[in-house]
Every structure is written in structure tokens, then in C-alpha cells.
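Structural overview for review
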Amino acid sequence: MASKIQADLHIHTNCSDGTFTPREVVERAHGAGLDVIAITDHDSMAGVPEAQQHGDRCGVEVIAGAEISAYHGEQEFHIIGLHLDTVDPDFLQKLDDIRTARRERIFEMVDKLKKMGVELDGQEVVDSADGGSPGRPHVAQALVDHSHVKDISEAFYRYVGDSGPAFVPKRYLKVEDAIAAIHGVGGVSILAHPGVTDRDHYIPLFVEMGLNGLEAYYPIYSREQTAHYLDMAQRMGLLVSGGSDCHGKRKAEIMIGRVRVPGPYVERIAAAAAVASIARLLPRPDGEEERS
Ligand code: AMP
Ligand code: ZN
Ligand code: FE
Ligand code: FE
């Protein structure tokens with residue numbers, strides 16, 4: 001019998017730029033009737049343990065994930081790692097390095113704003129992320145709080161949007177290195193929201209680099225887009241994933257559960273991660289043990 005499990009495999013908490021605590025995310029997922037969720041903060045797994053604790057209590061399976069900011073050429077891509085090892089020191093260090101670079105980037109954006117006559121305190125913006133993973137939404141919120149703009153949308157439109165004058169790109173980790181890092185901790189790598197990034201022609205190259213799957217379920221996709229990515233995944237032998245990309249109250253609507261990945265896809269992701277975890281423990285071809 002086909003699995004009736006429903007999953008939301010792309011959710012942010014206040015450990016990055018979401019507004020809900022990990023516990024609140026789990027409570028809302030439970031309320032929305034979800035069986036499985038993945039916590040996928042930007043460049044952080046800090047929210048995973050709290051979410052898993054509460055998930056154990058209310059019967060929601062919480063997959064350890066992260067949405068890693070990566071680049072290929074001039075373009076930014078988001079690579080979601082699922083079923084990650086939350087205690088591997090090298091992987092944690094890699095995420096920590098990205099968050100350090102994110103903090104430096106906040107100061108660069110604040111400098112650009114200053115040159116335009118818009119004053120913000122960079123440290124205050126960094127601190128508003130509470131030690132988490134600060135990004136443009138935190139800059140946008142500070143612009144609202146200090147009455148430079150009327151709302152978040154205006155902040156993106158006028159200043160920090162992808163083509164805004166205060167935008168600073170992230171060039172921290174190459175796509176192939178993000179995929180390798182995910183595999184290194186026994187996880188599976190999923191290209192986030194390809195229908196938004198709109199660079200499908202890179203997908204075959206990323207698959208050669210080891211990419212395992214695509215997000216075919218995403219709240220702003222049309223039916224045709226979902227069908228397109230389901231078809232592409234089937235043709236290329238890729239996993240299918242997706243989720244709401246909930247950011248709590250930072251988006252006009254609370255998105256948890258807005259799209260639901262069907263159970264069979266969720267199970268295939270888990271099976272692939274189990275294989276990846278075993279592969280991680282096997283000796284390397286040159287006979288050296290990967291880890292003791
Ligand atoms: P960053 O990782 O710092 O580049 O910030 C990217 C995040 O900003 C995305 O994950 C969204 O949460 C948010 N974002 C991007 N564009 C917009 C927009 N036009 N309006 C509101 N939020 C946005
Ligand atoms: Zn975000
Ligand atoms: Fe993203
Ligand atoms: Fe996201």
C-alpha cells in the first residue's frame with residue numbers, strides 16, 4: 001500500500017531568518033497534520049535538536065537539514081542537505097565559516113547603505129539574528145524599524161533585492177563543494193526551488209557533481225512547474241523533494257504544510273540517505289579509512 005505520509009521538507013526557524021522557534025515549527029506542523037518535516041535553516045543546523053526533541057513528543061519526525069548557500073559562476077544556488085549528521089565537527093565548522101562570512105556581508109551591505117545616506121548599525125543587525133544566521137531579511141527588518149522604508153517589500157525593492165544597490169552576493173561555497181560536504185556526512189543533496197532560480201540548464205552538470213534530487217513541490221509553483229520537475233526527476237533518476245519554505249511571520253502567510261511531499265518520495269529520500277551513510281563508512285578506493 002502506498003504510504004499516506006505527508007511531509008514538508010523545507011522550513012526555516014529563528015536560527016536563520018524564520019520567525020518561529022524550532023519548537024513552534026513542530027507544534028504548527030503537528031497542527032497541520034504533517035508526519036515528517038525537515039528543518040532547513042540557511043547555513044545552520046542549530047534548530048534541529050530542539051525540533052527533534054519536540055517532534056519525539058508529538059509524533060512528528062524531524063529530519064536534520066540545512067539550506068546551504070552555494071554558487072556556480074556568477075549565480076547563487078541553494079542546496080538543501082537532508083538527513084545530515086548534526087555532530088560532525090568538520091561539517092559544523094564549514095557551516096560556522098559560512099555564518100561568519102554572512103556576518104561580514106551584513107557589514108558590507110550596511111556600508112553600501114551608508115554611502116547612499118541610509119544609516120544602520122551593522123552590529124545591531126547582526127545581533128538581531130540572535131547568534132544565528134543573519135541575512136538580508138534582518139537588514140530589511142532594520143530598515144523598517146528605523147523608518148527608512150515602510151515595509152520589508154520596499155526594503156528589498158529599493159535596497160537589498162537581487163538587483164538592489166545595497167545587495168552583496170554570497171560567494172562562499174561552490175555547488176560541487178556543497179554537494180560533497182553533504183555527502184561527506186551521509187546526507188542527500190537537493191536543489192532548492194529550481195523553478196524560482198530558473199537555471200534548469202545547469203541541472204545536468206550538478207547531477208554530474210553528485211546532486212541527488214530536485215524540489216518539485218514549492219508553494220509558488222504552478223501545476224505545470226511541479227509536473228515539469230517531477231518529469232525531469234523521473235527522466236534523470238533523481239529524488240523528488242519540496243516544501244513550504246516557511247519563514248514564519250516574515251512572509252504574508254504562514255506556509256507550513258502549504259505543499260505536501262507524498263510519502264513514497266519521502267521514503268526514497270530516507271533510503272538514499274541510508275545508502276549514503278553506509279557509503280561514508282566504507283574504505284576509500286585507495287584503501288584508506290575515511291574516518292576512524
Ligand atoms: P540572503 O540569504 O541573506 O541572501 O537572504 C535571502 C532571503 O531573503 C530569502 O531566503 C528570503 O527569505 C528573503 N527574500 C528574498 N527576496 C525577498 C523579497 N523580495 N521580499 C522578502 N523577502 C525576500
Ligand atoms: Zn530565508
Ligand atoms: Fe532558498
Ligand atoms: Fe529556504
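**Points about the site of ligand 1**
Around ligand 1 sit Asp-17, His-42, Arg-102, Arg-105, Gly-135, Arg-136, Pro-137, Ile-152, Phe-156, Lys-170 and His-247, and that is every residue in its neighbourhood. The separation between an oxygen atom of ligand 1 and a polar side-chain atom of Asp-17 is 3.3 Å. Contact between ligand 1 and Arg-105: an oxygen atom at 2.8 Å from a side-chain N or O atom of the residue. More than half of the atoms of ligand 1 fall within 2 Å of the grid points belonging to the largest pocket. When residues of the shell around ligand 1 are traced back to their parent elements, those giving at least two are helix 3 (89-115), helix 5 (136-145) and helix 6 (152-160). In the shell around ligand 1, the residues fall into three nonpolar, three polar and five charged. Taken domain by domain, the shell around ligand 1 gets at least three of its residues from each of domain 1 (6-95 + 174-281) and domain 2 (101-160).

**Structural notes on the packing of helix 1 (residues 22-31) against helix 2 (residues 48-58)**
Closest axis-to-axis distance for the helix 1/helix 2 pair is 8 Å, and the angle between their directions is 30 degrees. The crossing of helix 1 and helix 2 is right-handed. Contacts between helix 1 and helix 2 involve Pro-22, Arg-23, Val-26 and His-30 from the first element and Glu-50, Ala-51, His-54, Gly-55 and Cys-58 from the second.

**Overview of the nonpolar core**
Judged by nonpolar contacts, the single largest core of 63 residues is most densely connected at Ile-37, Ile-68, Ile-79, Leu-82 and Leu-214. With six residues, strand 3 (residues 61-72) is the largest single contributor of residues to this core. Ignoring any residue separated from it by four or fewer positions in sequence, one finds Ile-37 in contact with Asp-8, Leu-9, Ile-11, Val-25, Val-26, Ala-29, Val-60, Glu-61, Val-62 and Ile-63. Within the second largest apolar cluster, 18 residues are counted, among which are Val-125, Ala-142, Leu-143 and Val-149.

**Notes on the layout of surface pockets**
To find leftover empty space, one rolls a probe the size of a water molecule over the atoms. There is about 1,100 Å³ of room inside the largest pocket. Along the wall of the largest pocket there are 39 residues; nearest its centre are His-78, Arg-136, Phe-156, Asp-162 and His-193. Only strand 4 (75-82), helix 3, helix 5, helix 6 and helix 8 (194-197) provide two or more residues apiece to the lining of the largest pocket. Per-element tally for the lining of the largest pocket: the top contributor is strand 4, with four residues. Here the residues of the lining of the largest pocket are counted per class, giving 12 nonpolar, 13 polar and 14 charged. Here the second largest pocket defines a volume of roughly 190 Å³. Asn-14, Cys-15, Ser-128, Ala-129 and Asp-130 are, among the 13 residues lining the second largest pocket, the residues nearest its centre. Of the residues assigned to the lining of the second largest pocket, the class counts are three nonpolar, eight polar and two charged. Counting contributing residues per domain, the lining of the second largest pocket is built from domain 1 (6-95 + 174-281) and domain 2 (101-160), each supplying no fewer than three.

**Focus: the coordination of the iron ion (ligand 3)**
Protein ligation of the iron ion (ligand 3) involves Glu-67 (OE), His-78 (ND1) and His-193 (NE2), the donor distances falling in the range 2.0 to 2.2 Å. All donors of the iron ion (ligand 3) come from a single chain, and their spacing in sequence reads E-x10-H-x114-H. Here the iron ion (ligand 3) and the iron ion (ligand 4) are spaced 3.6 Å apart, and both take Glu-67 as a donor. With Glu-67 in strand 3 and His-193 in the loop between strand 5 (188-191) and helix 8, this residue pair connects regions lying 126 residues apart in the sequence. By relative accessible area, which is 1% here, Glu-67 ends up buried. Among the residues examined, His-193 registers a relative accessible area of 9% and is labelled buried.

**A short note on the packing of aromatic side chains**
Enumeration according to the criterion identifies six aromatic pairs in this entry. With a centroid separation of 4.8 Å and 85 degrees between ring planes, the pair formed by Phe-77 and Phe-206 is classed as edge-to-face. In this pair, Phe-77 sits in strand 4 while Phe-206 sits in helix 9 (residues 203-208), placing the two residues 129 residues apart along the sequence. Of the two residues, Phe-77 and Phe-206, both sit in the buried class. One aromatic cluster is present, built from ring pairs that chain together Phe-77, Tyr-202 and Phe-206.

Procedures and definitions
- Residues numbered from 1 in each chain as written.
- Chains lettered and ligands numbered in written order.
- Predicted model: local features only at pLDDT ≥ 70, side-chain atom pairs only at ≥ 80, totals over all residues.
- Heavy atoms only, no water.
- Near = heavy atom within 4 Å.
- Polar contact = N/O pair within 3.5 Å; in protein donor to acceptor, adjacent residues only side chain to side chain.
- 1 Å grid on protein atoms, 1.4 Å probe; cavity = no way out; pocket = protein on both sides within 12 Å on 5 of 7 lines; lining within 4 Å.
- Sits in = over half its atoms within 2 Å of the grid points.
- Helix = DSSP H or I, 4+ residues; strand = E, 2+ residues; numbered from the N terminus.
- Nonpolar A, V, L, I, M, F, W, Y, C, P; charged D, E, K, R; others polar.
- Domains from an automatic or database assignment.
- Axes fitted to C-alpha atoms, helices over the stretch in contact; angles between N-to-C directions.
- Left-handed = near helix turned anticlockwise from the far one by under 90°.
- Contact = heavy atoms within 4.5 Å.
- Core = buried A, V, L, I, M, F, W, Y, C linked by side-chain atoms within 4.5 Å.
- Buried < 20%, exposed > 50% of the residue type's maximum accessible area, 1.4 Å probe, protein only.
- Points joined across faces, edges and corners; volume = space filled by probe spheres on them.
- Donors = N, O, S within 2.8 Å, 3.2 Å for Na, K, Ca; no water.
- Phe/Tyr/Trp six-rings, centres within 6.5 Å; stacked < 30°, edge-to-face > 60°.

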